[in-house]
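Spelled out from the first residue to the last, the chains are:
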Amino acid sequence: MTTMTGGLPPPAPTPLFFRRGFRNLLAQGVYVGVTALVIFYVVQALGGREYGFGFLNQPAAFDVGNQWLINVDGTTNTRFTMYLVGIWATARVVMVTLLLSTVLGVAVGVARLSPNWLLSKMAMLFVEIFRNMPLFVQIVLWYAIVLFGLPQIQNALDLGDTFFLSNRGIAVPWPEPDGGLYGGPEWLTAVWAAAVAAAAVAAWFVRRRRQELERETGQPHYPNRWGIRLFAGGALVSFLALGLPLTIDVPVLSGTDYAEGLTLRPEFTALTLGLTIYTASFIAEIVRASIQALPKGQTEAANAIGLSGYQRLTLVILPQALRQMIPSVTNQYLNASKNSSLAYGVSYADLFFVANIIQNKIGHAVEVFALIIVTYMLMSLAISVVMNFLNSRLTLTRV
Amino acid sequence: MTRRRWGLAIVAAIALLAAACGGGSGGGDDADGEVLRSVLDRGELRCGVKGSHPGFSFANPDGSFSGFDVEFCRAIAAAVLGNDGEDVAFVQVPSATRFELLNTRQIDVLIRTTTVTAERDASLGLEFGPITFYTGQSFAVRADSGIRSTADMDGITICVQSATTTEQNLSDHFNELGYDYTPLGGEDQENQDAFATGRCDAWTGDQSNLISRISQLPNADEFRVVDQLISKEPLAPFVIDGDRQWKDVVSWVVYGLINAEELGVTRENAAALAADPPNAAVARLLGAPFKGGEVADHGFAVDPQFLRRALLATGNYGEIYERTVARVGVPREGTLNALVRDGGVLYAPPYR
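Source: prediction; values computed, not measured. (Residues numbered from 1 in each chain as written. Chains lettered and ligands numbered in written order. Predicted model: local features only at pLDDT ≥ 70, side-chain atom pairs only at ≥ 80, totals over all residues. Heavy atoms only, no water.)

Student: Any details on the pattern of salt bridges? Residues and values, ideally.
Tutor: Two side chains carrying opposite charge are able to pair once their charged atoms lie near each other. Residues and elements named next belong to chain B. Enumeration over the complete set of coordinates arrives at 20 salt bridges over all chains. Where D108 meets R42, a salt bridge forms, and the shortest distance between an N and an O atom there is 2.9 Å. Of this pair, D108 sits in the loop between helix 4 (98-103) and strand 6 (109-110) while R42 sits in helix 2 (residues 34-42), and the two are 66 residues apart along the sequence. Overall, the relative accessible area of 30% leaves R42 in the partly exposed class. For R213, the salt bridge identified is with D188, shortest N-O distance 3.1 Å. Of this pair, R213 sits in helix 8 (residues 207-215) while D188 sits in helix 7 (residues 188-196), and the two are 25 residues apart along the sequence. (Salt bridge = Lys/Arg side-chain N within 4 Å of Asp/Glu carboxyl O. Helix = DSSP H or I, 4+ residues; strand = E, 2+ residues; numbered from the N terminus. Buried < 20%, exposed > 50% of the residue type's maximum accessible area, 1.4 Å probe, protein only.)

The following block contains the structure:
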């Protein structure tokens, strides 16, 4: 504001619309106005109905398939119990997807950087095909392949009477609790599981102690080797001592379905396969980018001290790249967990599917959708908490 | 300065809000007659149908629709808008959102093989018109499976459309039998695919639906629909709650078409009978004067000739049935859908 310059005429007043103060005012007015309008309409649309979650405590009167480890009957249980069954179905898909997509994603991402031309191009092809196709299309496609491509159960593909493939599902052997050789009670399996857990804890402490010794003395104390030995030994000895308290159930054909073993139903298979491959293609790119972001000197230094290719990857490259990866991979985990609601497209009875049945029967759309939203938010928050914990651990630890 | 700005912003917001209130409160309380008014303004009836149900409502490759439900949409459109029932926009609605679409007035009437139940009447904010079709829940099975009724169905996998009364009946019925079963949900087409590929052992649904859908399969003779019915499924058109006038129009179009069959009024002879009605009942139905008297006007929100227009567009109930449902192998004779005088339960209050 220099009005001291004598000879010049005073500047013409700025038109109202071009004044900063007025424009700010206008923008704020419009913002507040639109917000108020939205709130007003939402309140008007939602008003005049009665709300409450009492309907969740009434009998469900519908059943859902694709249950695992549980057998919940919809006639005697409440709608809320059926919703929990849906949550369990979602949790199964999400857990398997996160695990498998991480393994596959890291493998493809590393392969992408391989000096082997064929391997690297195949990894590239994988990424470009699967991340550029809509996920829903992929899931429906996998389902169609399983449903129409695999034989009917009467002509199931039989792999050594152990694995069966048909459009009723993929039947695989599965461990089953058992009393063991001495005909003990079934909870012997639980005893054995506890023994295995104890062995794991002991192995972890031994490994850490040996790591410390190694650092203090500079002599090799083989922490990993001893940890694994202790764990495997403990598990094996207790297994024998308890008289083999676990059997492997091999599936058998019975009528028009499988009995025994574990049957991966087409709906579960298609959904998990689609989610896993799609998510893995993104994780692969994150892995590749994080590795490439490392200074080239890291690889050169690892080569200079004579590490093998595998050692270079596991001791030098991946631990450092991991810090870069985790925030981006967390995003992919959150996406995958929410994308699991595409189960609807293949009629896999996940939490969204079950909630939709409830909503369609009784209405209460506002409450049901609030419930769905809160459930997904809690699931996402849980994943975030775990990943943030991992992130903070890894960022603080210097390799 | 800042304070004044906020003040102005709030004033602006209140002004906008007031404008919104003024605009919004116009249609609030007086819902009666609203649907009819908006249909007339639009010049088109928006009819919610399924669109994938041979015999009931089927979207043809050329974009036209045909079927039993479709004919009732046309009859209502002809009654209200004239033009031989051509002014219908058929909206294909999924079962999961059909009631919400009606509730939010995106469709004027829902004619989508929807079962009347107490729960729907009480809690969905909807009304239903007269029952247009009586069927029941049954099961399709493979012809070589040896399954004759639900007594042979312990432990099997059953395809069922999710979020329907069918799903609930299935659950109740198997609970009563004490049998185990695995449901596989999905929409109709998914059920059909899963059943035809052997993913499920049986496919449950309205018997008329199962018969008509299986008749369309290339290998139709490999499947069979069992005779057993495990439920009552009366199907009716649904309209929004609180618009009495619209519900009356929809109801009496349906009743009118049933009355026409009882009285022997058809698409062919309707015009001739209107010119020279043989009795007072036919005259009233067609909105024609009888023996030089007045035209009977019952005070519906549409003019007294509305049923004549409907009849000229679609014919009476029996004609609609023969043209649509009978073509896909669902007979009428001996079923509940025959007129009362023929041993069925189809009966309409008199039009007087």
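Student: Tell me about the state of the cysteines, and name the residues and values.
Tutor: Residues and elements named next belong to chain B. Overall, the coordinates contain 2 disulfides over all chains when judged by the stated rule. In this model C47 forms its disulfide with C73; the gap between the sulfur atoms is 1.9 Å. Linking C47 and C73, the disulfide has an S-S dihedral of approximately -65° and is accordingly described as left-handed. Linking C47 in strand 1 (residues 45-49) with C73 in helix 3 (residues 68-81), this pair joins segments that are 26 residues apart in sequence. The class of C47 is buried, set by a relative accessible area of 0%. Put simply, C159 and C200 are joined by a disulfide, and their sulfur atoms are 1.9 Å apart. Of note, the bridge from C159 to C200 carries an S-S torsion of about -95° and is left-handed in sense. Here C159 is found in strand 10 (residues 157-159), whereas its partner C200 is found in the loop between helix 7 and strand 12 (202-206), with 41 residues between them in sequence. The same class applies to C159 as to C200, namely buried. Going through chain B in sequence order and numbering each bonded cysteine, the pairs you get are 1-2, 3-4. (Disulfide = S-S within 2.5 Å.)

Student: With reference to specific residues and values, describe the environment of V49 of chain B.
Tutor: All names here are of chain B. Within the secondary structure, V49 sits in strand 1. Classification of V49 by relative accessible area gives buried; the value is 0%. Along the backbone, V49 and S64 are 15 residues apart, and their C-alpha atoms lie at a distance of 13 Å. Setting aside its immediate chain neighbours within four residues, V49 contacts S57, F65, C73, F90, V91, Q92, V93, I111 and R112. (Contact = heavy atoms within 4.5 Å.)

Student: Report on the interface of chain B and chain A, specifying residues and quantitative values.
Tutor: In this complex, chain B contributes 42 residues to the contact, which on the side of chain A involves 44 residues. There are 2 salt bridges connecting chain B and chain A. The set of elements that each furnish at least two residues to the side of chain B that touches chain A consists of helix 1 (2-24), helix 4, helix 5 (118-123), helix 6 (165-177), strand 11 (182-184) and helix 7 of chain B. In terms of residues, the side of chain B that touches chain A owes the most to one element, helix 1 of chain B, which gives 9 residues. Looking at the side of chain B that touches chain A residue by residue, the class counts come to 18 nonpolar, 13 polar and 11 charged. (Nonpolar A, V, L, I, M, F, W, Y, C, P; charged D, E, K, R; others polar.)

Student: Kindly report on the packing of aromatic side chains, identifying the contributing residues and their values.
Tutor: All chains considered together, the criterion is met by 38 aromatic pairs over all chains. Geometrically, the ring pair formed by W252 of chain B and Y351 of chain B is tilted, given 5.8 Å between the ring centres and 55° between the ring planes. One end of the pair, W252 of chain B, is in helix 9 (residues 244-263); the other, Y351 of chain B, is in the segment after helix 13 (317-323), and 99 residues separate them in sequence. According to the relative accessible area criterion, W252 of chain B is buried, its value standing at 17%. Owing to a relative accessible area of 7%, Y351 of chain B belongs among the buried residues under this scheme. Three or more aromatic residues joined by ring pairs form one cluster here, namely F56, F68, F72, F133, Y317 and Y321 of chain B. Sitting above the plane of the Y222 of chain A ring, R225 of chain A keeps its charged end 4.3 Å from the centroid. (Phe/Tyr/Trp six-rings, centres within 6.5 Å; stacked < 30°, edge-to-face > 60°. Lys NZ or Arg CZ within 6 Å of the ring centre and 35° of its normal.)

Fair warning: the whole summary comes from geometry, so function is off the table for now.
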